[in-house]
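# Remarks on the overall topology
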Amino acid sequence: MYNFEYKNPVKIIFGKETIGKVAREIPKDAKILLTYGGGSIKRTGVYDQVKSALQGFNLLEFGGIEANPHYETCMKAIEVVKAEEIDYLLSVGGGSVLDATKFIAAGALYENGDPWDFLAKSGKVNVEKALPIGAVLTLPATGSEMNGNSVITKVATQEKKPFGSPLLMPQFSILDPECVFTLPNKQVANGVVDAFVHVFEQYLTFNVNSPLQDRWAEGVLLTLIEEGPKVLANRKDYQAAANFMWSATMALNGIIAVGVPQDWATHMIGHELTAYHGIDHARTLAIVLPGMMHVKRHSKKDKILQYGQRIWGITEGSDDEKIDAAIAKTIEFFESVGIPTKLPEYNVPVDTIAKISSRFEKSGLKLGEKGDIDFKEVEEILNDRL
Ligand code: NZQ
Ligand code: ZN
């Protein structure tokens, strides 16, 4: 196992009828900006619950944050934060609203120019200050509620990029599983697959003798496989919703990543598909992941075999046959929750593959846990999905 340091200061408030507790968590003298998306919180009643809990607080609102949140929209929010001297951000919504709120939190206090620097010059320009953030999460999927990451899209240049900082971890996140009751099938399926692939990015690498982390990761995968379909079958099944929600948080709060190598290539390639074609994040992962498993079948062999055996009970055949069976089972699971896994099913034109691979060629970025996935392999992975 590798050396590691781990600190997660996010206070999780989990369970039924917990949204009202938001009032306890925010300083009474704060000037709050409540950020939200396209209006689901108004239809579901979450907005009313938050507003009634925060009566008497100094509260402004900024709505209209898109799924795959736009840099351009975040910059408008930053203007509001500055003009109104906001000192606390409250994100009420899914991962997109929270990611946007993180960008706003860092961007509002950035003094050296355009906050897009955090993404464009990732690793060189770091977040040094950020406004405090609280979150009421309405969609289990991203893990953003318990991590310091954010992914933002710049419409003008069709770019979607991640950035992160421990300073962007929410001070608290309220997770009320009843929020799942109002999710359309599509968003439940997206959440299950996104969380599933988060586990993969931290598990399907190479062996470093970390049996505990492996079993945590496998525990999250098995729970998603069991509980996801229950949520799809009965949206009012509170226990299934709760187990799904907690699994999604555990998939990306850093705990399963401690002491082990991480990949994230599927995400980086998936972001390009969203940037060019607006495909939902989780769906891009369902497309890319089987191609990744196929192309990296040698360097990921031990872990794919372990995954196949422990998750799907695959024990028969040669190693190659077992790997093929593990890939087939993964595809079958994604499709069983209603997510297609091939590029043509999303009407992606073939020339997108060359566009994406040429972006990686220009940036020189090499992906994967071994840093050995270059633009040619990116092309191979995507060609596998035609
Ligand atoms: O915008 P509103 O009207 O609120 O509607 C949303 C949106 O249309 C709706 N929704 C949310 N909660 C609902 C609801 N509808 C009914 N009932 C509810 N309770 O669902 C739609 C999708 O919401 P969104 O926030 O976009 O989904 P998600 O949470 O999956 O977030 C996706 C974004 O997160 C990024 C993705 O790239 C993508 O931009 N990610 C962030 C990560 C992180 N910060 O760690 C990691 C992930 O890998 C991912 O990249
Ligand atoms: Zn993801």
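Structural data are supplied above this passage.
Figured I'd write up the structure that's included with this text. Counting restarts for each chain, with residues numbered from 1 along the sequence as it is written. Each chain is given a letter, starting from A, and each ligand a number, starting from 1, according to the order in which they appear as written. It should be noted that, the model being predicted, local features are given only for residues of pLDDT at least 70 and side-chain atom pairs only at 80 or more, the latter also being counted only at that level, while totals for whole chains, interfaces and linings use all residues. With hydrogens and water excluded, all non-hydrogen atoms of the structure serve as input to the side-chain values.

### As for the coordination of the zinc ion (ligand 2)
Coordination of the zinc ion (ligand 2) by the protein involves D194 (OD), H198 (NE2), H267 (NE2) and H281 (NE2), with metal-donor separations of 2.0 to 2.1 Å. Here the donor residues of the zinc ion (ligand 2) are spaced in sequence according to D-x3-H-x68-H-x13-H. Here H198 and D194 lie together in helix α7 (residues 185–203), a separation of four residues that amounts to about one turn. For the pair D194 and H198, one class covers both residues: buried. Donor atoms (N, O, S) are those found within 2.8 Å of the metal centre, with the cutoff raised to 3.2 Å for Na, K and Ca; water is not part of the atom list, so apparent gaps in a site can occur. A run of H or I in DSSP counts as a helix once it spans at least four residues, and a run of E counts as a strand once it spans at least two, with each numbered from the N terminus. We call a residue buried when its accessible area falls under 20% of the maximum for its residue type, exposed when it is over 50%, and partly exposed in between, using a 1.4 Å probe and counting protein chains only.

### A look at the packing of aromatic side chains
Any two rings among Phe, Tyr and Trp, with Trp reduced to its six-membered ring, count as a pair given centres within 6.5 Å; such a pair is stacked if its planes are under 30 degrees apart, edge-to-face if over 60, and tilted if neither. Considering all chains together, one arrives at 13 aromatic pairs under this definition. Centre to centre, the rings of Y71 and F103 are 6.0 Å apart; their planes meet at 75 degrees, and the pair counts as edge-to-face. Of this pair, Y71 sits in helix α4 (residues 71–84) while F103 is found in helix α5 (residues 95–107), placing the two residues 32 residues apart along the sequence. Classification of F103 by relative accessible area gives buried; the value is 0%. Members of the aromatic cluster, connected to one another through ring pairs, are Y71, F103, Y110, W116, F118 and F163. A cation sits over an aromatic face here: K355 above Y276, 4.7 Å from the ring centre. Lysine NZ or arginine CZ positioned within 6 Å of the ring centre and within 35 degrees of the ring normal marks a charge as sitting over the ring.

### Notes on the site of ligand 1
The immediate surroundings of ligand 1 are formed by 32 residues, with S40, G95, S96, K160 and H198 found nearest. Residues adjacent in sequence count toward polar contacts only when both atoms are side-chain atoms; beyond that, a polar contact is any pair of N or O atoms within 3.5 Å, and within protein one must be able to donate a hydrogen and the other to accept it. In the environment of ligand 1, an oxygen atom lies 2.7 Å from a nitrogen or oxygen atom belonging to the side chain of H198. Between ligand 1 and H267 there is a distance of 2.8 Å, counted from an oxygen atom to a side-chain nitrogen or oxygen. Of all the elements in the fold, those that place two or more residues in the shell around ligand 1 are α2 (40–44), α5, β6 (149–154), α7 and α10 (265–277). Just so you know the grouping, Ala, Val, Leu, Ile, Met, Phe, Trp, Tyr, Cys and Pro go in nonpolar, Asp, Glu, Lys and Arg go in charged, and all remaining residues, Gly too, go in polar. Per-class residue counts for the shell around ligand 1 are eight nonpolar, 21 polar and three charged. Whether a residue is near a molecule or strand depends on its heavy atoms: it is near if one of them lies within 4 Å of it.

### So, the packing of helix α11 (residues 281–295) against helix α15 (residues 375–383)
Taken N-terminus to C-terminus, the directions of α11 and α15 make an angle of 120 degrees; their axes are 8 Å apart at the nearest point. Judged by the twist between their axes, the crossing of α11 over α15 is right-handed. From α11, V288, G291, M292 and V295 reach across to α15, where they touch E377, E380, I381 and L382. Residues of the contact of α11 with α15, tallied by class, amount to five nonpolar, one polar and two charged. Axes here refer to lines fitted to C-alpha atoms; in helices the fit is confined to the stretch in contact. Angles between the N-to-C directions go from 0 to 180 degrees. Note on convention: near helix rotated counterclockwise from far helix by under a right angle means a left-handed crossing. Clockwise means right-handed. Whether two residues are in contact is decided by their heavy atoms: any pair within 4.5 Å suffices.

### Some words on α11
An ideal rise of 1.5 Å per residue puts 21 Å on 15 residues; α11 measures up with 21 Å between its terminal C-alpha atoms. Most of α11 is tucked away: 14 of the 15 residues are buried. Any helix carries an expected span of 1.5 Å times its number of residues minus one.

### Quick notes on unusual backbone geometry
Notably, Q158 is not glycine yet its phi reads approximately 50 degrees, a positive angle. Topologically, Q158 is positioned in the loop between β6 and β7 (159–164). In this structure, W264 takes a positive phi of about 75 degrees despite not being glycine. For W264, the location among the structural elements is in the loop between α9 (238–251) and α10.

### Let's talk about a nonpolar patch on the surface
A patch consists of residues whose relative accessible area exceeds 30% and which take part in no salt bridge; residues with like charges are grouped when within 9 Å of each other, and nonpolar side chains (Val, Leu, Ile, Met, Phe, Trp, Tyr) when within 5 Å. Accessible areas in this description were obtained via Shrake-Rupley with a 1.4 Å probe; residue shielding takes into account the shown protein chains only. The term salt bridge refers to a pairing of a side-chain nitrogen on Lys or Arg with a carboxyl oxygen on Asp or Glu at a separation within 4 Å. Together, M1, F4 and Y6 line one region of the surface with nonpolar side chains, adding up to about 310 Å² of accessible area. According to the relative accessible area criterion, F4 is partly exposed, its value standing at 44%.

### Re the pattern of salt bridges
Going through the model one piece at a time under the given rule, you end up with 21 salt bridges. Across the pair E25 and R24 runs a salt bridge whose closest N-O atoms are separated by 3.5 Å. Salt-bridge contacts for D384 lead to R385; the nearest nitrogen and oxygen are separated by 3.5 Å. Three or more residues joined by partner-sharing salt bridges are found here, namely K11, R24 and E25.

### A word on the environment of R24
Inspection of the secondary structure puts R24 in helix α1 (residues 22–25). Separated by 29 residues in sequence, R24 and A53 place their C-alpha atoms 9.1 Å apart. Apart from the residues lying within four places of it in its own chain, the contact partners of R24 are K11 and I13. Side chain to side chain, R24 and E25 meet in a polar contact 3.5 Å long.

Function-wise, these values are silent; they only describe arrangement.
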